[in-house]
Each structure stands twice: as C-alpha cells, then as structure tokens.
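Take a look at the letters that make up each chain.
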Amino acid sequence: VLGHRAIWRKVSEGPAPVALVCEDDLRLLPACGDFLRSVAGHEAAFAHALIKLDSPARAGKVVGRLAGVDLVLTSRLPGCTTGYLLGRDAATTLLAQTRKVSRPIDMDLKHYWEHHVPILLVRPQLVSVRPDGGSSIEFLRAPTKPLTPWRRLSRNLRYQWAMSLGRLRSPLYVDRIPVLREMREML
C-alpha cells in the first residue's frame, strides 16, 4: 500500500498528465505497445482516471476505444494491480481520499464510491503476471487471515455485503461522470 501511495505522490507532483505504474512481476502482452503509444497522443483524456491494464473487462459500458482496445466502465473491479495507467489528477484524488489505509491497495481501489476516481478496465487484457513471478507480499497477508473456516466465511460474507451495498448506492453511469464524458469526447 505504501509503495503505491509513494508512486501516486510522484505522479501527482510530476509533469506528466498520465503515468504507467507497474509491479515487479509484470509481463507485457503483444497489444500493450500500440496502446501505450496511442495513449501518448491522448494524455489529457486520461488525467482524471485509472486504467487497469491487467484485468480484462468481461461486462460493462465501453467509454472509448484506442488502438483496438476497449476502455470499459464496470462496477465489478478485479483486485489485481500488476499494471495500470494513472492520471495526475486521479493520483491527487486517491492520495487525498485514502489517507487512512485499512485494506490492501487492490481491495481499496474496488471501493470506487469512497475515492471517486473512475477506474476503467481494458478489453483485451494488456499486461499479466509473469509465469515465474510469485507475490512478494503474500507471506504478509497470511497472518491476517482468520484461522477457522467459519470466521473466514463470516468475514467474507460481511465484505461481500458491504461491497453490494456500495455498488447499489453508487451506480456507475458514464453520462453522470463528467470526466468520463470528457474522455469519450477526446478519444
């Protein structure tokens, strides 16, 4: 979490309107290069958003298309943070809205109704985890998991209930999110 926040701070204070954030186990897929070159020509469109490159969108509303890649808005965000584009203004908002860290960063990003940063997925997927790359932080998560299956089930049910309530209270409509309307017009 702190590593991502440090990167967000650099993006927020940096000169570029958008930056590529990658974890150390990243593997670029073939279409990624063309997409990133196209983003370089449309940087302003991405200043207020986070674009997850590591999770293919299955369902959702297509906001735009760039270099043969759909940018999809969905309320069901996957938990991966292997690679993503982060706009400077989005980084500033995330820093301000996530001062208290209570969840892993990939789980925190799923709560879009708390941080108010539009997160889009790509279709097709543009990056993945290297086949030989394992998580360097998984050992840190093990001590926080409940010991009994019943406690794990109970915690998971509470989490799923909270996620469902958040999604119901904050439905996503492209036309109601000004930065996504602007993005659609720029692409």
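Scroll up to find the structure.
Rules behind the numbers
Residues numbered from 1 in each chain as written. Predicted model: local features only at pLDDT ≥ 70, side-chain atom pairs only at ≥ 80, totals over all residues. Heavy atoms only, no water. Pairing = 2+ DSSP bridges. Helix = DSSP H or I, 4+ residues; strand = E, 2+ residues; numbered from the N terminus. Axes fitted to C-alpha atoms, helices over the stretch in contact; angles between N-to-C directions. Contact = heavy atoms within 4.5 Å. Expected span 1.5 Å × (residues − 1). Buried < 20%, exposed > 50% of the residue type's maximum accessible area, 1.4 Å probe, protein only. Arc of directions from axis to C-beta. Core = buried A, V, L, I, M, F, W, Y, C linked by side-chain atoms within 4.5 Å. Patch = residues over 30% accessible without salt bridge, like charges linked within 9 Å, V, L, I, M, F, W, Y side chains within 5 Å. Areas by Shrake-Rupley, 256 points an atom, 1.4 Å probe, with all protein chains shown as cover. Salt bridge = Lys/Arg side-chain N within 4 Å of Asp/Glu carboxyl O. 1 Å grid on protein atoms, 1.4 Å probe; cavity = no way out; pocket = protein on both sides within 12 Å on 5 of 7 lines; lining within 4 Å. Points joined across faces, edges and corners; volume = space filled by probe spheres on them. Nonpolar A, V, L, I, M, F, W, Y, C, P; charged D, E, K, R; others polar. Polar contact = N/O pair within 3.5 Å; in protein donor to acceptor, adjacent residues only side chain to side chain.

(A) Layout of the sheet that holds strand β4 (residues 61-66). If you trace the six strands from one edge of the open sheet to the other, you get β1-β6-β3-β7-β5-β4, paired in mixed fashion. One side of each edge strand has no neighbouring strand; the edge strands of this open sheet are β1 (18-22) and β4. For this sheet, the mean angle separating the axes of adjacent strands, direction not counted, is 30°. In this sheet, strand β7 (residues 119-123) lies alongside strand β3 (residues 50-56) in parallel orientation, the contact comprising four bridges. Bridge assignment links Ile 51 to a residue of β7, and that residue is Leu 120. Where helix α1 (residues 2-13) meets the sheet, its contacts fall on β1 and β6 (83-87), and the angle it forms with β6 comes to roughly 40°.

(B) Spotlight on helix α7 (residues 149-169). Over its 21 residues, α7 extends 30 Å from the first C-alpha to the last, a length consistent with the 30 Å expected when each residue adds 1.5 Å. Residues of α7 that are buried: Met 163, Gly 166 and Arg 167. What you see down the axis of α7 is that its buried residues fit within an arc of 95°, all on one side. More than 90 degrees from the buried face of α7, the exposed residues found are Trp 150, Arg 151, Leu 157, Arg 158, Trp 161, Leu 168 and Arg 169.

(C) Spotlight on the nonpolar core. Core analysis: the biggest nonpolar cluster contains 24 residues, and Phe 35, Phe 46, Ile 51 and Met 183 have the highest contact counts within it. The set of elements that each furnish at least two residues to this core consists of α2 (32-40), β3, β4, β5 (69-73), β7 and α8 (178-186). Among all residues touching Phe 35, those that are not within four sequence positions of it are Leu 53, Leu 66, Ala 67, Val 69, Leu 71, Leu 85 and Leu 126.

(D) Expanded view of a nonpolar patch on the surface. Together, Trp 150, Leu 153 and Leu 157 make up an exposed nonpolar region whose accessible area comes to about 360 Å². Looking at the element boundaries, Leu 153 is found in helix α7. The partly exposed category is assigned to Leu 153, whose relative accessible area is 39%.

(E) Quick look at the layout of surface pockets. There is about 300 Å³ of room inside the second largest pocket. What lines the second largest pocket is a set of 20 residues, and nearest its centre among them are His 116, Val 117, Pro 118, Leu 172 and Ile 177. Taken together, the elements giving at least two residues each to the lining of the second largest pocket come down to α3 (88-97), α5 (112-115) and α8. The class makeup of the residues in the lining of the second largest pocket is 13 nonpolar, five polar and two charged.

(F) Just the environment of Ser 55, in detail. With respect to the element layout, Ser 55 can be found in strand β3. Linking Ser 55 and Pro 78, residues 23 residues apart in sequence, is a C-alpha distance of 6.6 Å. Setting aside residues no more than four positions away along its own chain, Ser 55 makes contact with Pro 78, Cys 80, Leu 121, Val 122 and Gln 125. A distance of 2.9 Å separates polar atoms of two side chains, one belonging to Ser 55 and the other to Asp 54.

(G) Geometry of unusual backbone geometry. With an omega dihedral of 10°, the bond running from Arg 123 to Pro 124 counts as a cis peptide bond. The phi dihedral of His 116 is positive, around 60°, even though this residue is not glycine. You can see His 116 is positioned in the loop between α5 and β7.

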